[in-house]
Amino acid sequence: MIAYLLRRILYAIPILIGVNLLTFALFFVVNTPDDMARMHLGMKRVTPQAISNWKAEHGYDAPLFYDASAPGINKITHTIFFEKSARMFVLDFGTSDDGRDIWHEIKTRAGPSLAIAVPVFIIGLLVNITFALLMVFFRATYLDFWGVVLCVVLMSISGLFYIIAGQYLIAKLWHLVPISGFNGGIDGLRFILLPVVVSIVAGIGGGARWYRTIFLEEIGKDYVRTARAKGLSEWRVLFRHVLQNGMIPILTGAVVVLPLLFMGSLITESFFGIPGLGSYTIDAIQSQDFAIVRAMVFIGSALYIIGLLLTDISYTLADPRVRLQ
Amino acid sequence: MMFKLVMLKTDALIFLLLAAVGIFTWYVRRHDYLRAPWRRVLTNPTGMAAAVVLAVFVVIGLLDSLHYRPALAMKAGQPVQYGVEVLSALDAMLPKLRTHKEKTYSAPLATHLYAKETIVLANGSTVRDYPRLKYGGAQLADPHTQWMRDIVQRIAWGVIEGLTLTALLVLLLAALLARRQPGGLVAALVRLLRGGNAIPWRTLLITCAILLMLGLVIVQLAAAYHVFGTDKVGQDVLYISLKSIRTGLVIGTLTTLVMLPFALLLGIVAGYFRGWVDDLIQYLYTTLNSIPGVLLIAASVLIMQVYIEAHPDVFDTSAARSDIRLLFLCLILGVTSWTGLCRLLRGETLKLREQEYIQAATAFGVSHWRIITRHILPNLQHLVLITVVMDFSGLVLAEAVLTYVGVGVDPAMYSWGNMINSARLEMAREPVVWWQLSAAFVFMFALVLAANLFADSVRDAFDPRGRVQ
Amino acid sequence: MNFLRLFGLLILPVLLSACGSGPLNDPYPAADRDSNILYSSFEERPKHLDPARSYASNEAEFTAQIYEPPLQYHYLKRPYTLIPLTAAQMPTVTYYDASGRPLPATAPVSAIAESVYEIHIRPGIYYQPHPAFARDAQGRLRYQDMKPGDWHGIQTLGDFRHSGTRELVAADYVYEIKRLAAPQLNSPILGVMAEYIIGLKDYAARLEKAARSLPRGTYPDLQRYPLAGAEVVDRYTYRIKLRGKYPQFLYWLAMPFFAPVPPEADRFYAQPGMAERNLSLDWYPLGTGAYMLTRNNPNRQMVLERNPDFHGETYPRTGEPGDAAAGLLKDAGKPLPFIDKVVFSLEKETIPYWNKFLQGYYDASGISSDSFDQAVQINANGVAQPSEAMRAKGIRLTTAVRPTSSYMGFNMLDSTVGGSSERARKLRQAIAIAVDYEEYISIFANGRGIPAQGPIPPGIFGYVGGTAGVNPVVYRLVNGQPVRRPIAEARRLLAEAGYPDGRDAQTGAPLVLYFDTNASGPDAASRLSWMTKQFAKLNIQLVVRSTDFNRFQDKMRRGTEQIFEWGWNADYPDPENFLFLLYGPNMKVGKNGENAANYSNPEYDRLFDQMKYLDNGPERQAIIDRMVNIVRVDSPWLFGYFPKAFSLSHAWVAPSKPNVMANNTLKYRRIDPKLREKLRNQWNQPVLWPLLLLLLALIAALAPALWAWRQRERSVAR
């Protein structure tokens, strides 16, 4: 087990290097360091001198991947790629192109992102499971049928509409919560209520329907029939057996997204003005701040790999027969 | 020649896809084991109703994919010249919707603009009032008294036409069925109306009737009004919504078309050969998958813009420019979404290659290629099919979100994402301009709902236990 | 039932806070409800707050309150007038010839080799409290050589326990001028100033050389390097030496670029450990102004608070005629500032922003946001006023034409639309008539702008209003009113240019023009389609080439664009700052200047060189008129429109006068927090019935389920 985990962690390194290489390649195919400098120096009165100063200050004055003029190993190390990516492996992301420390920023922004993502994840899971169980309980009745219809309808609405409608009704017309913004602590509850509710509602359709099929598959199995034959009530069968066994695929499926909760939600955060990592990423894309984009890609992929690892581990925990090797 | 045909890159791919679907259908019809699940799809009422709705969208999308450049009026002795505006067969069918532009916003079915303006009266004095629209309700002499009557009349006509057409359709269908079934026309009619056929003809007819009525009511109204109002620059919103259909369909289908070969090839190869090939392919898709999709898409869209700027002579029309951007978006969405299918196929292939008959085939020295095409590929068919139909709706929804973020389709392209995007400002107006958002909602919802329902019936037919999500 | 419990859980916080006094949707802490706080917003986090770097207008909103350059614009007087701020009186200027002899003020431009500005600042002005000035018992600066151990518990500037202040001296102003040349700061005006301030160019080169010999991340100490063009005379006096004559320099002295920066601040922020905590002058400015930035979380909120060490200033006693009637002189002579604290919240999306304004959570709407369409109506007399719904809420509207021009340019290097040939000029003139900016303003700016008749906006010397200032190429006078020339005339011009009906006269090929843009965002699609519609009036086929910012800039630099949109935000209220946008030697292509259309006309350039040094007066006006006429005929630009700043403010905000040149106007603002609290409560009564309805609907949906369940249980039991 330990050896397996170790191997997987080592395996992550080439992936991260690959991701990084790809990010670099994609970004610099379109943007020269000169472009980046101009972008950040603004429109008015930009001189070539200012551009070369900017590049020197931000470390973009070396060649990209290969420096033919440098001696020996420096051919590789004295390049933008090496200098910028080698440090990321020790979580040193440097400063963004507009001069703020990225790691500091990520630390302060992870909180708001989690404040939205964690409740959405947990409550969403609960709501979806409840809804799915109800449908399974009333399976093959009109309630089940309409439940599924409701799910498909909910699924067919773009997430943007949920946000726009939620903001319009709850915040604008009914004055129940602030329209947007964020605050820490208990006061922050008022701000996250709406985004959390909207995100949960937007996720019910797909989630509940998927869980319903899992539970239905479970309910067709022999042990459930045995349990029922023993005279257990329907509720008991559902909760004791179906829910417990159905939770295995649900949880192992959910584990993979767990670390990615840190990344926040791009759309929700920017609509509701939540200063999280999602809106950070969007802003960085829009202002083409390469340093931030690179850091977020790196963290995103690292978290994704951790998610895969957690999934593997959760399989062994859920089912002792699975051995990792 | 009155026009010059233009084959945009996505048009070519759409017709390629159409041909592929045709060949596939022909192939399925010839193989009984393949036909069986499709029969199940055919007998599913919800699925078939959804298919009818989808078909309407597809027809509109296809009409909108036949592009041409109209010839300009010419003087004698000059060579024929064509305009740079690329039109489609759909535009040719809807000349009024396209060209009847108002000044700015007007509400659905309105006869007046949505904002007050200073109007100079005949006697030279000025008043501040809502000016009449140039086209919307222009036939009415006094809109305040005639408007309601006119609208009701047009709706009634639309419904009557719809019902008449449906009745004709029912008779036609009954006549066709009567030739195959015993009992003559009347018996066929009765069976049809009672829903006594294996194929749910009755549901299909009801769907058709509703669609026909809706369509004809809209046709009636659109002849004199802007059914969904007009947008900021006075463009008919119904027209924008209809033009957006093609964009949605292209994203939903071409993306899959693009990703399919990769996913199939790599998934099967990885599962079949295992070893270092498997490692390499796994590395490839884990790497791609671990990059947050939005970032990958943003970067690619930028690359594409550089490419366009480097070749301005190739992309000489606005249509060509936005088309290549759309295609690129499909490509990159394909790249980000093929990994899921690839993993699924790899797992299934791993299982299949352990099957006895394949082991036996290997022992007999059958070539790898043959084993893959003969034994493995057909057994993966249902997985591919289900993924393709299930992905469709997700992709249509993704377009809206990406466009909202600013890395989606070209801003000049008609798309639901762009409609929602401009609605951001409209929702902040007082009073609210709601119709563009609503139109985008209605159209998107109809397409995605139909796609979801159809995908469900396909999945039920091919994979009754719902293992694939 | 899980669902019910869950629902209860969700609305619990709502109900809980409903027990409190204020509205539920108040985004601010309850404790601040009746405080003297102004609420405002920012759309994008300001990139730079360092006075040497900050140039963008959204940054000026902060820097102008904090930093005090020697001069400022008078709040009420028009035309815009410079008055001393920290200076004791207006600077004196002396001219010298090449051999260093003083010249009289009337000396011809060619004789002047050097101008020297001498500025006296007032004694007794102190900086805001700041840890950089904190001293320990021995009188040494407390936080100048911090060891790693000293960092315990310090994350933001507020975590430093001690702070201090110091008197403002002339050396701080000179220090800032030197900072303009510092390589690590990349001051945007270094290029311009190096042309004028003596020795600044060499100074920058010297610093860069010195920086290269230092380890990465450290920079030379500017105090050790003297600058020839800026010198301290005594504790309160300094001199700036300029090459030749540059009368516009005074305007620069009212911009934060020439505000004082204490060397202590640079030394303080240069310490290791500062950057990792995002502590820098770029984020925590340090000035002598009425306000200081106490909280800077650019992801959420930025807070300006009254500077306790502010030297004091009083509300102006005189203004323009009419100001008294408008209630603008009510506060005359009272000490500034009025407001204790200003909270800027990050608000990126327009919908929430606008709604919060309507709910009373922002006191005044931003000056340039485009989302107030329809909140404003133009009445029959063409005067803008808030809509009835707005007026019912007591919302007021103030308008001012901004010193900004927003124009559409032709690339004069282009083979079709560019060049000085008659053919191309007629084509440009035809387009100028066809693109209907009156309609543009009414659709896209909701009337918030005036169609431009030339490159100079109103409020700037050289602008001619009324019928005399009408551009005869595009407009004609009908009953004394300028009316856009009919489209038939444009068609005729087009035919004369060789494109009858939009077709090449020889080949019959359609005339295809290209519009280059980097437009993005929700409005882009409609604006582009409007533009296409305008060209279609002449049967010209317009192909929109939209691309991203970098690509567009690149095209502009290489001169491969054809038609483009561009804007210019004035640095100072002088015609030179607008007319130089068409000055040949200031071309974009090759010369990297601001003349984006690459227009070059020898006559215009000659007149420009004359006009530049003249004082405002009839002679200057005559030259400007000639220049404007040249560009009207040549039509390198469609002059577009001058946007009007519309600003809506609530009833509790005291009337204020829009001042589009000065940014340091926060100190003149006043609010009535009591009235605000009352109205906010009135406007934001929560509507609870939908929640109850939802609850009922849930129960209604679940009731048959319960019933069905009972049925089944019973049947199983049986």
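Numbers given to residues run from 1 along each chain, matching the order in which its sequence is written. By the order in which they are written, chains take letters starting at A while ligands take numbers starting at 1. Local features in this predicted model are restricted to residues whose pLDDT is 70 or higher, and side-chain atom pairs enter the listing and the counts only when it is 80 or higher, whereas totals over whole chains, interfaces and linings include all residues. Neither water nor hydrogens contribute to the side-chain values; these are computed over all heavy atoms in the structure.

Draft legend 1. Local environment of the UniProt feature "transmembrane region" (unreviewed entry) in chain C. UniProt positions are given in the numbering used here, feature names are shortened, and annotations may be inferred rather than shown by experiment. Mapped onto the present numbering, the UniProt feature "transmembrane region" (unreviewed entry) falls at residues 687-709 of chain C. Only runs of H or I of at least four residues qualify as helices and only runs of E of at least two qualify as strands under DSSP, and these elements are numbered from the N terminus. Between the first and last C-alpha atoms of residues 687-709 of chain C the distance is 35 Å; the span itself is 91% helix and 0% strand.

Draft legend 2. Representation of the interface of chain C and chain A within the structure. Whether two residues are in contact is decided by their heavy atoms, any of which lying within 4.5 Å being enough. On the side of chain A, 68 residues touch chain C, which itself brings 71 residues to the contact. As a working definition, buried area equals the accessible area (1.4 Å probe) given up by two parts on being put together, with both sides summed. A combined buried area of about 6,300 Å² lies between chain C and chain A, and 52% of that area is made up of carbon and sulfur atoms. The largest contributions to the chain C side of the interface with chain A come from Asn-186, Asn-278 and Arg-712 of chain C, which together make up 9% of the buried area. Salt-bridge detection follows one rule: a side-chain nitrogen of Lys or Arg within 4 Å of a carboxyl oxygen of Asp or Glu. Linking chain C to chain A there are one salt bridge. We note a salt bridge from Arg-45 of chain C to Glu-105 of chain A, for which the minimum N-O separation is 3.0 Å. Polar contacts, as used here, are pairs of N or O atoms within 3.5 Å; protein pairs need one atom able to donate a hydrogen and one able to accept it. Residues neighboring in sequence count only if both atoms are side-chain atoms. Here chain C is connected to chain A by eight residue pairs in polar contact (both at pLDDT 80 or more). Those elements that place two or more of their residues in the side of chain C that touches chain A are helix 1 (2-18), helix 4 (190-196), helix 8 (350-359), helix 14 (549-558), strand 21 (563-569) and helix 19 (689-717) of chain C. Per-element tally for the side of chain C that touches chain A: the top contributor is helix 19 of chain C, with 10 residues.

Draft legend 3. Up close: the side chain of Asp-363 of chain C. Residue and element names in this part refer to chain C. Mapped onto the fold, Asp-363 is located in the loop between helix 8 and strand 12 (376-378). On the accessibility criterion, Asp-363 (0% relative accessible area) is buried. At 2.9 Å, the side chain of Asp-363 forms a polar contact with the side chain of Arg-676. Not counting the four nearest positions on each side in its chain, Asp-363 is found in contact with Ile-37, Leu-38, Tyr-39, Phe-357, Leu-648, Ser-649, His-650, Trp-652, Val-653 and Arg-676. Remark: exposure states derive from per-residue accessible area (1.4 Å probe, protein chains only) relative to the maximum for the residue type, with buried under 20%, exposed over 50%, and partly exposed in between.

Draft legend 4. Region of interest: the domain arrangement of chain C. Residue and element names in this part refer to chain C. Split into domains, chain C comes out as domain 1 (49-277) and domain 2 (407-645). With 13 residues of domain 1 at the contact, the number on the domain 2 side is 10 residues. Taken together, the two surfaces of domain 1 and domain 2 that pack against each other cover about 1,100 Å², and 55% of this comes from carbon and sulfur. When the buried area of domain 1 at its contact with domain 2 is split by residue, Lys-245, Gln-248 and Tyr-251 rank highest and sum to 41% of it. For the pair domain 1 and domain 2, the interface holds zero salt bridges. The tally of links from domain 1 across to domain 2 stands at six residue pairs in polar contact (both at pLDDT 80 or more). Here the residues of the side of domain 1 that touches domain 2 sort into 10 nonpolar, two polar and one charged. Each domain's extent is set by a domain assignment, obtained either automatically or from a database. Ten residue types, Ala, Val, Leu, Ile, Met, Phe, Trp, Tyr, Cys and Pro, are classed as nonpolar, four, Asp, Glu, Lys and Arg, as charged, and the remainder, Gly among them, as polar.

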